[in-house]
2 protein chains.
Amino acid sequence: MADRMSFWAWGLESEEPTDADRNAMANQLSERYGVEVTAKPIPDLADAELRPPRITPPDNLAEFCFTDTYERARHAGGAHFTDRTRAFNLDFPNPPDVVSHPRTEGELEAILDWCHEGGHAAVPFGAGSSVVWGVAPPDTPTSVTIAMDRFDQVLEIDETSRAARIQAGVYGPALEAQLKPSGHTLRHFPQSFRFSTLGGWIATRSGGHYATNHTHIDDFVESIRMLTPNGWWESRRLPGSGAGPSPDRMVIGSEGILGIISEAWMRIQARPTFRATAGVVFDSWYAGTDAVRQIVQAKLWPANLRILDPAEAGRAAGLEGDQALVIIAFESAELSQAAAIAAAVEIARGAGGHIDDDNIVIDDGTGSPTGHEGAVGEWRRSFIGVDPGTATSMGVLADTFETSITWDRWPDFDATVREEMGRVLAEVCSKGELSCRFTHVYPDGPAPYYTWSGMGRQGSEISMWQEVKDAANEVVVRAGGTSTHHHAVGRMHRPNAYDVQRPDLFADSIRAVKRTLDPNGILNPGVLIDP
Amino acid sequence: MADRMSFWAWGLESEEPTDADRNAMANQLSERYGVEVTAKPIPDLADAELRPPRITPPDNLAEFCFTDTYERARHAGGAHFTDRTRAFNLDFPNPPDVVSHPRTEGELEAILDWCHEGGHAAVPFGAGSSVVWGVAPPDTPTSVTIAMDRFDQVLEIDETSRAARIQAGVYGPALEAQLKPSGHTLRHFPQSFRFSTLGGWIATRSGGHYATNHTHIDDFVESIRMLTPNGWWESRRLPGSGAGPSPDRMVIGSEGILGIISEAWMRIQARPTFRATAGVVFDSWYAGTDAVRQIVQAKLWPANLRILDPAEAGRAAGLEGDQALVIIAFESAELSQAAAIAAAVEIARGAGGHIDDDNIVIDDGTGSPTGHEGAVGEWRRSFIGVDPGTATSMGVLADTFETSITWDRWPDFDATVREEMGRVLAEVCSKGELSCRFTHVYPDGPAPYYTWSGMGRQGSEISMWQEVKDAANEVVVRAGGTSTHHHAVGRMHRPNAYDVQRPDLFADSIRAVKRTLDPNGILNPGVLIDP
């Protein structure tokens with residue numbers, strides 16, 4: 001049997017941790033937190049008891065519709081801590097009744113028609129990396145997952161315009177593999193890259209790992225083809241347009257409530273060959289963030305411009321824990337980046353940063369990547385690596401939340417978040433920790449990304465996590481941030497976050513658009529807006 | 001009396017051409033086209049016969065509502081050739097009944113409420129530079145213009161975030177004058193800069209005169225405050241967000257049909273001091289456009305990257321008429337642009353361009369602007385200068401149209417446009433001419449801007465122009481372009497252009513949004529969509 005996605009861990013079945021890995025982790029955690037932690041054995045899906053499907057697809061859909069336990073369990077949720085904890089515990093209270101994998105636009109039309117006519121909730125599904133409860137079936141009488149993973153081809157490459165027509169269900173690595181032979185890249189690398197799709201990126205306004213200038217998927221979309229219950233929506237391929245509000249910007253971020261993206265023309269790029277990287281150390285977190293502000297406002301447009309706070313720089317980049325690390329990197333397919341990195345480092349030094357000239361790595365086109373050595377390299381490996389589930393269901397609470405805020409409110413925003421999160425972590429868990437880095441930086445403000453963890457009680461992970469999340473949602477929006485900068489809204493960021501933040505008339509407007517495109521309200525109900 | 005806008009010419013009353021100017025122009029035209037041209041005397045508004053106002057505002061609005069002939073004539077249309085020809089002829093068949101100039105948000109609410117409750121069409125008006133019939137009153141039983149020119153203040157400057165809260169009715173020069181003391185600029189300079197407003201730029205997706213990277217008003221909007229008939233819509237100030245579809249992107253380009261923008265937080269910039277400019281000559285138009293493609297795809301992000309075709313380079317930049325001119329310019333507040341311009345010039349030379357090293361002008365921070373000498377300087381003066389109306393109503397037909405197209409369809413697109421326009425110009429006028437330049441350039445395609453003129457019959461200018469315009473609308477969209485890249489849709493680009501181009505379901509969606517925000521359908525009816 002071909003390797004397939006684990007139904008509970010982050011990654012493929014072949015990458016699942018073993019019981020031995022988990023027993024070792026349990027011992028580590030027991031020592032670290034001073035409580036007894038036991039490693040429940042890795043679950044066997046054969047033991048899961050799923051509610052029987054409440055509907056059966058008609059014969060004409062049978063060839064690409066599935067109701068077996070693996071398919072329904074795999075598509076019962078996303079990749080969030082809570083999803084993985086539930087799956088590990090074989091807790092599938094609300095799996096989809098049917099999981100479809102349409103292979104053609106005809107099949108996509110057929111399955112959506114069936115949902116539309118039967119009033120079955122239809123949940124578009126890319127690769128399932130949602131960490132915001134964006135792909136779990138809603139609490140409706142019936143539900144059907146529409147998994148797009150067979151729409152996995154780069155259909156056309158326009159080398160002159162540097163654009164490609166790409167099917168929505170292609171996973172990150174397969175997309176890049178198809179672009180590489182012609183020397184191109186989409187150059188969009190969210191942390192979920194391995195297990196996320198183009199359509200998912202567009203539907204959730206994904207942020208790539210590049211820190212400045214064009215990095216969001218929004219910037220790379222040239223046109224979109226989307227199926228709605230009322231028919232096809234296709235925008236014209238254009239490099240730029242001032243003809244009314246942008247149709248694409250209505251789709252980008254719509255999280256599957258307006259239609260299912262079938263394919264898109266995307267702006268691609270020549271693969272970079274010139275690189276330059278520097279890691280600059282700061283004795284103070286806020287001196288470091290101010291350096292980042294000065295660099296981004298100089299409009300040098302570095303490919304990477306991040307800062308790790310002392311806790312994160314200690315944990316992920318091998319620093320001592322009392323210094324912040326600013327990572328600066330430039331890339332180009334055309335030109336040496338030596339002058340650009342020198343200018344950025346000069347600004348960083350002027351703002352109090354330390355770096356030896358020897359530690360500025362410049363690669364003028366040899367093609368060997370920079371940024372793999374020293375503290376920067378250590379951070380890079382930590383960024384790419386995601387624990388597949390070695391500690392799942394052992395009482396550890398852990399999550400991230402991310403936002404953006406204008407510079408004038410930083411660092412007060414950070415202080416407010418830390419105070420509130422410190423309070424709730426102390427209440428809910430033991431040895432709670434919080435750290436922060438910037439994932440993206442704009443001339444008018446940073447996108448701070450907070451990581452927290454602490455020890456809860458085994459078996460109560462989800463309810464304890466919820467207490468912390470409620471506080472995080474509330475404080476981020478109260479202090480002026482956005483409920484999400486690139487993780488999307490889903491159902492998780494709704495009531496006390498997104499619903500507080502967006503203009504009420506905008507929510508009314510999106511509801512009106514949804515009624516127009518999806519009159520029976522079948523598409524991903526409960527995500528983004530209430531019906 | 002203070003200088004005020006001419007009711008018929010482009011500019012202030014003090015800048016109107018004189019009868020002597022116009023007589024001289026008539027002689028020139030007679031010679032050039034070999035027909036007899038007469039200069040009708042400059043009109044006196046006292047001779048205009050306007051339909052009496054069909055409604056009277058209630059007392060509480062009287063202080064900021066006007067019904068005098070100047071106000072109603074001045075606000076009867078925009079700045080297009082057809083508007084100015086009609087105004088010159090004192091032809092005002094459908095002036096607004098009332099022109100309001102609210103001074104506060106309270107007054108704005110009061111006037112919009114009155115329109116909403118009475119069912120009076122409400123036309124938001126910035127400075128009236130629309131060239132697409134976007135501010136003319138619709139053919140409705142009653143109409144009220146809501147002129148925003150008293151909302152003319154920069155209310156707040158956030159120097160840390162480089163952002164400013166700015167009222168929507170401020171004209172370009174007043175906006176820049178208020179930002180300048182703190183060393184900032186919005187750096188958004190559409191050709192209409194002197195007589196257009198921030199709110200108008202946002203409502204029409206204005207393009208600045210910078211050619212690459214961030215130049216569209218879309219990129220500078222941080223948040224928007226807008227009044228709709230159903231209440232206030234205000235987005236949160238954020239440097240970036242992935243929380244659902246962007247509320248601002250629904251407003252940007254909405255052309256006054258969803259609400260009236262009151263103010264916006266805008267991203268501002270440090271004033272540039274480093275500059276570099278080069279004009280590169282090409283023996284072939286398409287060799288030049290290919291050089292432009294290569295430069296923009298190198299992602300050097302020049303502030304200016306334009307090409308004038310041989311006709312335009314001859315007329316506007318003093319070249320011989322058989323060579324194209326590529327204008328390249330870089331700007332920065334922080335860094336020398338010498339390396340960047342060298343890299344761009346190298347690409348241009350590799351693509352067949354000619355320039356002496358002596359003609360590359362580099363200014364490393366002295367603050368004296370480059371780009372004012374030679375062919376580039378000549379083009380710059382021609383760009384800034386707009387004929388105020390010296391030739392109005394003398395039978396000359398003249399207009400521009402602009403679009404964007406992906407590189408793979410260029411130059412075929414250009415050939416198709418030239419063929420069709422050549423055909424229609426030959427049919428409609430004598431000595432018809434067409435020229436082209438790029439106003440903006442993207443990695444995936446250019447934004448070509450066509451200028452045409454020819455001699456028609458005096459008195460029949462508008463109907464003859466319409467024949468040419470119909471052909472231009474049709475060919476641009478048929479050949480794959482957008483109906484407008486930065487002039488907006490208005491009513492002029494509707495039936496055979498925008499309506500063909502946009503997804504039908506998107507038009508349905510915008511209609512649904514409009515019904516939500518403006519249930520009585522009073523805001524700018526007929527612009528963008530039919531009710």
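Quick word on the overall build of chain A
Line of reasoning, step 1. Within chain A, the secondary structure is distributed over 16 helices and 18 strands.
Line of reasoning, step 2. Relative to the 2.2 N^0.38 estimate, which gives 24 Å for 531 residues, the radius of gyration of chain A is 23 Å and therefore close to what a compact globule would have.
Line of reasoning, step 3. Considering only C-alpha atoms, chain A reaches an extent of 70 × 60 × 50 Å along its principal axes.
Line of reasoning, step 4. Here chain A, with 531 residues, has 58% of them falling under the buried criterion.
Line of reasoning, step 5. Restricting the contact set of chain A to residue pairs at least 6 apart, pairs at least 24 apart contribute 71%.

Looking at helix α15 (residues 494-501) of chain B
Each α-helix turn comprises 3.6 residues. Residues three or four places apart therefore point the same way.
Residues and elements named next belong to chain B.
Line of reasoning, step 1. By the burial criterion, the buried members of α15 are R494, A497, Y498 and Q501. All buried residues of α15 fall inside an arc of 115° around its axis, so they share one side.
Line of reasoning, step 2. For α15, the elements touching its buried residues are α14 (461-478).

Considerations on the domain arrangement of chain A
All names here are of chain A.
Line of reasoning, step 1. Entries for chain A in the domain assignment read domain 1 (47-147), domain 2 (154-270), domain 3 (274-382) and domain 4 (396-485).
Line of reasoning, step 2. Centre-to-centre, using C-alpha coordinates, domain 2 lies 30 Å away from domain 4.
Line of reasoning, step 3. Taken residue by residue, the interface counts four residues in domain 2 and four residues in domain 4.
Line of reasoning, step 4. Of the residues contributing to the side of domain 2 that touches domain 4, the split by class is one nonpolar, three polar and no charged.

Description of the relation of the copies chain B and chain A
To go from the first copy of the chain to the second, apply a rotation about an axis and then a shift along the same axis.
Line of reasoning, step 1. Take chain B, turn it by 180°, move it 0.0 Å along the axis, and it overlays chain A with an RMSD of 0.0 Å. When the rotation and shift are considered jointly, the pair of chain copies conforms to a two-fold rotation axis. For chain B, the residue whose C-alpha comes nearest the rotation axis is A512 of chain B, separated from it by 2.7 Å.
Line of reasoning, step 2. A share of 100% of the interface residues of chain B reappears at the interface of chain A, consistent with the copies meeting face to face through the same patch.

Regarding the sheet that holds strand β10 (residues 260-267) of chain A
Residues and elements named next belong to chain A.
Line of reasoning, step 1. Judged by pairing direction, the sheet is antiparallel, and its five strands sit side by side in the order β5-β6-β10-β8-β9 without closing on themselves. Edge strands, defined here as strands with exactly one partner in the open sheet, are β5 (154-158) and β9 (231-234). When strand polarity is set aside, the average angle formed by the axes of neighbouring strands in this sheet is 10°.
Line of reasoning, step 2. Judged from the four bridges that link them, strand β8 (residues 221-228) and β9 form a sheet pairing that is antiparallel.

Notes on the packing of helix α3 (residues 81-88) of chain A against helix α14 (residues 461-478) of chain A
Residue and element names in this part refer to chain A.
Line of reasoning, step 1. One way to put it is that α3 packs onto α14 with a least axis distance of 10 Å and a crossing angle of 170°. Regarding the angle of α3 to α14, the classification is roughly antiparallel. Here F81, T82 and T85 of α3 come into contact with α14, specifically with E461, I462 and W465.

Looking at the pairing of strand β13 (residues 304-308) of chain B
All names here are of chain B.
Line of reasoning, step 1. Of all five residues making up β13, five are buried, and the element is well covered by its neighbours.
Line of reasoning, step 2. Every second residue of β13 is oriented toward a common face, with N304, R306 and L308 on one face and L305 and I307 on the other, all of them buried.
Line of reasoning, step 3. Judged from the five bridges that link them, β13 and strand β14 (residues 324-332) form a sheet pairing that is antiparallel. Within the sheet, the bridge partner assigned to R306 lies in β14 and is I327.

Structural notes on the sheet that holds strand β1 (residues 65-66) of chain A
Residue and element names in this part refer to chain A.
Line of reasoning, step 1. Across the sheet, which stays open at both edges, the four strands sit in the order β1-β2-β4-β3 with mixed pairing between neighbours. For this open sheet the edge positions go to β1 and β3 (121-125), each flanked by a neighbour on one side alone.
Line of reasoning, step 2. Most of the contacts of helix α4 (residues 105-118) go to strand β4 (residues 143-147), to which it runs at about 160°, and overall it touches β2 (98-100), β3 and β4.

Things to note about the environment of G172 of chain A
Residue and element names in this part refer to chain A.
Line of reasoning, step 1. Among the structural elements, G172 can be located in helix α5 (residues 172-179).
Line of reasoning, step 2. Overall, the presence of 22 C-beta atoms within 10 Å leaves G172 in the buried class.
Line of reasoning, step 3. The spatial distance from the C-alpha of G172 to the C-alpha of R187 is 10.0 Å, given a sequence separation of 15 residues.

Comments concerning the interface of chain B and chain A
Line of reasoning, step 1. Taken together, the contact pairs 73 residues of chain B with 73 residues of chain A.
Line of reasoning, step 2. Listed by contribution, the elements that provide at least two residues to the side of chain B that touches chain A are β8 (221-228), β9 (231-234), α8 (247-251), α11 (338-350), β17 (430-442), β18 (445-455), α15 and α16 (504-517) of chain B.
Line of reasoning, step 3. Among the residues making up the side of chain B that touches chain A, the classes are represented as 28 nonpolar, 29 polar and 16 charged.

Observations concerning the environment of L523 of chain B
Line of reasoning, step 1. Among the structural elements, L523 of chain B can be located in the segment after α16.
Line of reasoning, step 2. Excluding its chain neighbours within four sequence positions, the residues that come into contact with L523 of chain B are A122, G256, I257, L258, G259 and D518 of chain B.

A closer look at the confidence of the model for chain A
Line of reasoning, step 1. When pLDDT is averaged along chain A, the result is 95, and 97% of the positions lie at 70 or above.
Line of reasoning, step 2. Predicted as a complex, the structure gets a pTM of 0.96 and an ipTM equal to 0.96.

Brief notes about unusual backbone geometry
Line of reasoning, step 1. Look at the link from W410 of chain A to P411 of chain A: it is a cis peptide, with omega at 10°.
Line of reasoning, step 2. For P411 of chain A, the location among the structural elements is in the loop between β16 (396-402) and α13 (412-428).
Line of reasoning, step 3. In this model, R187 of chain A sits at a positive phi of 60°, which is unusual for a non-glycine residue.
Line of reasoning, step 4. You can see R187 of chain A is positioned in the loop between β7 (184-185) and α6 (198-203).
Line of reasoning, step 5. Phi at E255 of chain B takes a positive value of approximately 55°, unusual for a residue other than glycine.

Calculation notes
- Residues numbered from 1 in each chain as written.
- Chains lettered and ligands numbered in written order.
- Predicted model: local features only at pLDDT ≥ 70, side-chain atom pairs only at ≥ 80, totals over all residues.
- Helix = DSSP H or I, 4+ residues; strand = E, 2+ residues; numbered from the N terminus.
- Rg over C-alpha atoms; globule rule 2.2 N^0.38 Å.
- Buried ≥ 20, exposed ≤ 12 C-beta atoms within 10 Å, placed from the backbone.
- Contact = placed C-beta atoms within 7 Å.
- Arc of directions from axis to C-beta.
- Domains from an automatic or database assignment.
- Nonpolar A, V, L, I, M, F, W, Y, C, P; charged D, E, K, R; others polar.
- Least-squares fit on C-alpha atoms with pLDDT ≥ 70 in both.
- Pairing = 2+ DSSP bridges.
- Axes fitted to C-alpha atoms, helices over the stretch in contact; angles between N-to-C directions.
- Parallel < 35°, antiparallel > 145°, perpendicular 65-115°, else oblique.
- pLDDT = per-residue confidence, 0-100.

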